[in-house]
Amino acid sequence: QVQLVESGGGLVQPGGSLKLSCAASGTIFSIYAMGWYRQAPGKQRELVAVISSGSGGRTNYADSVKGRFTISRDNAKNTVYLQMNSLKLEGTAIYYCASNYYYIVQSPNNVQYWGQGTQVTVSS
């Protein structure tokens, strides 16, 4: 079993930066691939970024955030991060941390474990 708790959300102006954290417990963190997904009001949950298990040598990003967001992991702290730069209005959403045993998944439908989410609001 994996328990995930997100933090770091809040209000930020367009063009600003925010760093989200996701702390995992209840398992051996390093053997899980991790990811971030987001869901805006009235829209489906979508992939933001994923990172492979172990040392996190593989990453994948949604085209909409590529070059602006960075996912990373610190296995010693059982934590995955999402650094968000150059935030846009359309970045407003609830951001969810997710995990899968060993292998990266792309679709939210295939995610094994979810956090409760943290709200990110981009507004001037």
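Our structure's up above, just so we're on the same page.
Structure report, in brief. (Residues numbered from 1 in each chain as written. Predicted model: local features only at pLDDT ≥ 70, side-chain atom pairs only at ≥ 80, totals over all residues. Heavy atoms only, no water.)

## A few points about the pattern of salt bridges
All chains considered together, the criterion is met by two salt bridges. We note a salt bridge from Asp-63 to Lys-66, for which the minimum N-O separation is 3.0 Å. (Salt bridge = Lys/Arg side-chain N within 4 Å of Asp/Glu carboxyl O.)

## Points about unusual backbone geometry
The phi dihedral of Asn-78 is positive, around 50 degrees, even though this residue is not glycine. In this fold, Asn-78 is placed in the loop between β7 (69-74) and β8 (79-84). For Asn-78, a relative accessible area of 25% translates into the label partly exposed. (Helix = DSSP H or I, 4+ residues; strand = E, 2+ residues; numbered from the N terminus. Buried < 20%, exposed > 50% of the residue type's maximum accessible area, 1.4 Å probe, protein only.)

## Structural notes on the state of the cysteines
Enumeration over the complete set of coordinates arrives at one disulfide. Between the sulfur atoms of Cys-22 and its disulfide mate Cys-97 the distance is 2.0 Å. The sign of the S-S torsion, about -80 degrees, decides the handedness of the disulfide formed by Cys-22 and Cys-97: left-handed. Here Cys-97 lies in strand β9 (residues 93-101) and Cys-22 lies in strand β3 (residues 18-25), a separation of 75 residues in the sequence. (Disulfide = S-S within 2.5 Å.)

## Section: the layout of surface pockets
Empty pockets left among the atoms are what a rolling probe the size of a water molecule brings to light. There is about 220 Å³ of room inside the largest pocket. Among the residues forming the lining of the largest pocket, the class breakdown is four nonpolar, five polar and six charged. (1 Å grid on protein atoms, 1.4 Å probe; cavity = no way out; pocket = protein on both sides within 12 Å on 5 of 7 lines; lining within 4 Å. Points joined across faces, edges and corners; volume = space filled by probe spheres on them. Nonpolar A, V, L, I, M, F, W, Y, C, P; charged D, E, K, R; others polar.)

## Some details on the sheet that holds β7
As summarised here, the arrangement of the four strands in space is β1-β3-β8-β7, forming an open sheet in which the pairing is antiparallel. Edge strands, defined here as strands with exactly one partner in the open sheet, are β1 (3-7) and β7. Ignoring strand direction, the axes of neighbouring strands in this sheet form an average angle of 15 degrees. Bridge analysis of β7 against β8 gives six bridges, and the strand direction is antiparallel. Across the sheet, residue Ser-72 finds its bridge partner in β8, namely Tyr-81. (Pairing = 2+ DSSP bridges. Axes fitted to C-alpha atoms, helices over the stretch in contact; angles between N-to-C directions.)

## Regarding empty space enclosed by the protein
Scanning the entire structure with this criterion turns up one cavity of 30 Å³ or more. Space inside the largest cavity adds up to approximately 50 Å³. Considering the residues around the largest cavity, the lining is formed by Ala-33, Met-34, Gly-35, Tyr-37, Val-50, Ile-51, Ala-98, Ser-99, Asn-100, Tyr-103, Ile-104 and Val-105. Elements with a contribution of two residues or more to the lining of the largest cavity: β4 (32-39), β5 (46-51) and β9. In terms of residue count, the dominant contributor to the lining of the largest cavity is β4 (four residues). Residue classes in the lining of the largest cavity are distributed as nine nonpolar, three polar and no charged.

## What to know about the nonpolar core
Counting 29 residues, the largest nonpolar core has Met-34, Trp-36, Val-80, Leu-82, Met-84 and Tyr-95 as its most contacted members. Setting aside residues no more than four positions away along its own chain, Met-34 makes contact with Leu-4, Cys-22, Phe-29, Val-50, Ile-51, Ile-71, Arg-73, Val-80, Cys-97, Ala-98 and Ser-99. (Core = buried A, V, L, I, M, F, W, Y, C linked by side-chain atoms within 4.5 Å. Contact = heavy atoms within 4.5 Å.)

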